[in-house]
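# Chains, contacts and geometry: an overview
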Amino acid sequence: MKKLALLIVILSGGLLLYATKDFPPWGDPHSPASMHVSPRYLMKSLEETGVPNVVTSILADYRGYDTMFETTVIFCAGIACFMLLRKFEAQSKDVYYRHIPTGITIHVKGGKQIPPTSKEFEKIDAIWTPYDLIINTVSRFLVPFIQLFALYVIAHGHHSPGGGFQGGVILGASIIVVAIAFNLRTAIKRFGEKIDGIMSALGVFIYSGIGAICVLLGAEFLNYGTLARILPVSKIMARSHGILGVEIGVGIAVMAVMVCIYNNVASEGKHDEGL
Amino acid sequence: MEFLFTHLVAKYNFWLYIVLMMIGLYAMIAKNNLIKKLVGMNIFQTAIILFYVSVGSKKGGTIPIIEHGAGHTPHGIDPAHYVNPLPHVLMLTAIVVSVSTFGVALALAIKIYQRYKTLEEDEILTRIRES
């Protein structure tokens, strides 16, 4: 099997390398990729949409339909992970508790549990690490700054590299940091499953909602210029605000899906223990 | 020989990415463990993304953010001055899709492990044939 794989790889690799004979040289400004529609985007982006970052204006305005389905794809990935893995019924397995004042570990067999209202016992993972002051404090301090930076990245997608996807991933990472530094149950208590599901659908809804508002105002789907009829700005600034609106939708959806995928994959669907 | 030299030196980025693609393809076909196959798929996707982004680069070009000062609009934007933004945009979509497929593939691998108690491909095939 490995020899056959090596043969296939060498054959297809050789074929691809032979095909590079016809490629334009690296860094050629007159290569066919840079000749047709991309100079038009570069020259017209600032005057038509008011957004200097050409990547953002292509992503959210000129090719906005594509980005809407990309957001739908990542939403479907979150849904797929949830539906494949999530188990809701309580597992009848052994649970471990730790008595906080004395540090004694209690092993409760067979699915019975100490009710969570008792303050002296905390539920611990089967692989338990002791409380580390540095990691817990530093990650708790870092989370608001990470989120602030993520909101900065989303909001400044117009003028610097950034945008919805990048900021959304950083927002998701801020919650996963809490899940890794503490444990999964703490992160789920902070950002529950229900609000997570609502937010992932809300992001896609905001994106297609802005497109639908454009249709209701009389133009085509996702033509942000018609938003100038309800917002008191010019047509160019209406396109810029439409781009910001869809980037916010994308950021919300990506954050919720990142957290959903992490929760379900790291705990195998049971949401009781994490990494 | 000089012809080969021109092609090899002028387009060495394409050759590097094709080598990376073939490494990923080999891992997907030849490795037995499911997680190693997934890592090979990820390497393949990363090589494709790098390949496309390198197609859009221009010699001496800067990032595709139009230089604008405070309060003056530039006239005469030279497209040869900026790197081609279109492959960057398409590859943003490709990165998001690769993350999604990796997440779902990991979920499927967990389900396979829960059912067959192994992640090696030949053992899984044996247990499928037995049951």
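Quick caveat, the model's predicted, so the values are computed rather than measured.

## Looking at the overall build of chain A
- When you go through chain A residue by residue, the secondary structure sums to 9 helices and 3 strands.
- Across chain A, helices and strands are ordered from the amino to the carboxyl terminus as α-α-α-α-β-β-β-α-α-α-α-α.
- Taking 275 residues into account, the globule formula puts the C-alpha radius of gyration at 19 Å, and chain A, at 25 Å, lies well above it.
- Its C-alpha atoms give chain A principal-axis dimensions of roughly 70 × 65 × 35 Å.
- Out of the 275 residues in chain A, the part that is buried amounts to 35%.
- Of all intrachain contacts in chain A linking residues separated by at least 6 positions in sequence, the fraction that spans at least 24 positions is 63%.

## Describing the environment of Cys260(A)
- Mapped onto the elements of the fold, Cys260(A) is located in helix H9 (residues 235-266).
- Contacts of Cys260(A), omitting those with residues within four sequence positions, involve Gly78(A), Cys81(A), Phe82(A), Asp196(A) and Ser200(A).

## Examining the environment of Ile127(A)
All names here are of chain A.
- Relative to the helices and strands, Ile127 resides in the loop between strand E3 (121-124) and helix H5 (133-155).
- Classification of Ile127 by C-beta neighbours within 10 Å gives exposed; the count is 8.
- For the pair Ile127 and Ile8, spaced 119 residues apart in sequence, the C-alpha to C-alpha distance is 44 Å.

## Thoughts on the interface of chain B and chain A
- Residue-level contacts link 45 residues of chain B with 47 residues of chain A.
- Elements with a contribution of two residues or more to the side of chain B that touches chain A: helix H1 (2-10), helix H2 (12-30), helix H3 (34-55) and helix H4 (86-116) of chain B.
- It is H4(B) that contributes the most residues to the side of chain B that touches chain A, 16 residues altogether.
- Counted by class, the side of chain B that touches chain A contains 29 nonpolar, 12 polar and 4 charged residues.

## Some words on helix H2 (residues 38-49) of chain A
Residues and elements named next belong to chain A.
- For H2, with 12 residues, the first-to-last C-alpha span of 15 Å sits near the 16 Å given by 1.5 Å per residue.
- Among all positions in H2, only Ser38, Tyr41, Leu42, Ser45, Leu46 and Thr49 are buried. The arc that holds the buried residues of H2, viewed along the axis, is 115 degrees, so those residues lie on one side.
- Gly50 lies just past H2 and shows a positive phi near 75 degrees.

## A closer look at the packing of helix H1 (residues 2-19) of chain A against H2(B)
- Contact geometry of H1(A) with H2(B) gives a least axis separation of 9 Å together with a crossing angle of 155 degrees. With respect to their mutual orientation, H1(A) and H2(B) come out roughly antiparallel. Here H1(A) runs over H2(B); the crossing is right-handed. Counting all contacts with H1(A), which are made through Lys2(A), Ala5(A), Leu6(A), Ile8(A), Val9(A), Gly13(A), Leu16(A) and Leu17(A), the residues of H2(B) involved are Trp15(B), Ile18(B), Met22(B), Leu25(B), Tyr26(B), Ile29(B) and Ala30(B).
- For the contact of H1(A) with H2(B), the class distribution of residues is 13 nonpolar, 1 polar and 1 charged.

## Thoughts on unusual backbone geometry
- In this structure, Leu222(A) takes a positive phi of about 65 degrees despite not being glycine.
- Mapped onto the elements, Leu222(A) comes out in the loop between helix H8 (193-216) and H9.
- Here Lys117(B), not a glycine, exhibits a phi torsion of approximately 65 degrees, which is positive.
- Residue class for Lys117(B) comes out exposed when judged on the 10 C-beta atoms lying within 10 Å of it.

## A closer look at the sheet that holds strand E2 (residues 104-108) of chain A
Residue and element names in this part refer to chain A.
- Strand order in the open sheet formed by 3 strands is E2-E1-E3, and the pairing between neighbours is antiparallel. Edge strands, defined here as strands with exactly one partner in the open sheet, are E2 and E3. Sheet twist, expressed as the average angle between the axes of neighbouring strands with direction ignored, equals 35 degrees.
- As judged from the 4 bridges shared by strand E1 (residues 95-99) and E3, these two strands associate in the antiparallel manner. Paired with Arg98 across the bridge in E3 is Glu122.

## Observations regarding the packing of H8(A) against H9(A)
All names here are of chain A.
- For the pair H8 and H9, interaxial distance at closest approach is 8 Å and the crossing angle is 155 degrees. Judged on the interaxial angle alone, H9 and H8 are roughly antiparallel. As H8 packs across H9, the resulting crossing turns out to be left-handed. Two secondary-structure elements touch here, H8 through Asp196, Met199, Ser200, Leu202, Gly203, Val204, Ile206, Tyr207 and Ile210 and H9 through Gly242, Gly245, Val246, Ile248, Gly249, Val250, Ile252, Ala253, Ala256, Val257, Val259 and Cys260.

## Describing the pairing of E2(A)
Residues and elements named next belong to chain A.
- Counting buried residues along E2, only 0 of its 5 residues qualify, which leaves the element largely exposed.
- As paired elements, E1 and E2 share 5 bridges and run antiparallel to each other. Paired with Val95 across the bridge in E2 is Val108.
- The turn joining E1 and E2, which pair antiparallel and follow one another in sequence, is formed by 4 residues; a positive phi near 85 degrees is taken by Gly103.

## Topic: the nonpolar core
- Judged by nonpolar contacts, the single largest core of 64 residues is most densely connected at Cys81(A), Ala253(A), Val254(A), Val257(A) and Ile261(A).
- For this core, the element with the highest residue contribution is H9(A), accounting for 18 residues.
- If we skip the residues at most four places from it in the chain, Val254(A) touches Ile74(A), Gly164(A), Phe165(A), Gly168(A), Val169(A) and Gly172(A).
- By size, the runner-up hydrophobic cluster in this structure holds 11 residues, among which are Tyr17(B), Ile18(B), Met22(B) and Ala27(B).

## A short note on the confidence of the model for chain B
All names here are of chain B.
- The share of residues in chain B with pLDDT of 70 or more is 92%, and the mean pLDDT across the chain is 87.
- Ranking the elements of chain B by mean pLDDT puts H1 last, at 71, and H3 first, at 94.
- Interface confidence for the predicted complex, given as ipTM, is 0.88, next to a pTM of 0.89.

Cut-off values and rules
- Residues numbered from 1 in each chain as written.
- Chains lettered and ligands numbered in written order.
- Predicted model: local features only at pLDDT ≥ 70, side-chain atom pairs only at ≥ 80, totals over all residues.
- Helix = DSSP H or I, 4+ residues; strand = E, 2+ residues; numbered from the N terminus.
- Rg over C-alpha atoms; globule rule 2.2 N^0.38 Å.
- Buried ≥ 20, exposed ≤ 12 C-beta atoms within 10 Å, placed from the backbone.
- Contact = placed C-beta atoms within 7 Å.
- Nonpolar A, V, L, I, M, F, W, Y, C, P; charged D, E, K, R; others polar.
- Expected span 1.5 Å × (residues − 1).
- Arc of directions from axis to C-beta.
- Axes fitted to C-alpha atoms, helices over the stretch in contact; angles between N-to-C directions.
- Parallel < 35°, antiparallel > 145°, perpendicular 65-115°, else oblique.
- Left-handed = near helix turned anticlockwise from the far one by under 90°.
- Pairing = 2+ DSSP bridges.
- Core = buried A, V, L, I, M, F, W, Y, C linked by C-beta atoms within 7 Å.
- pLDDT = per-residue confidence, 0-100.

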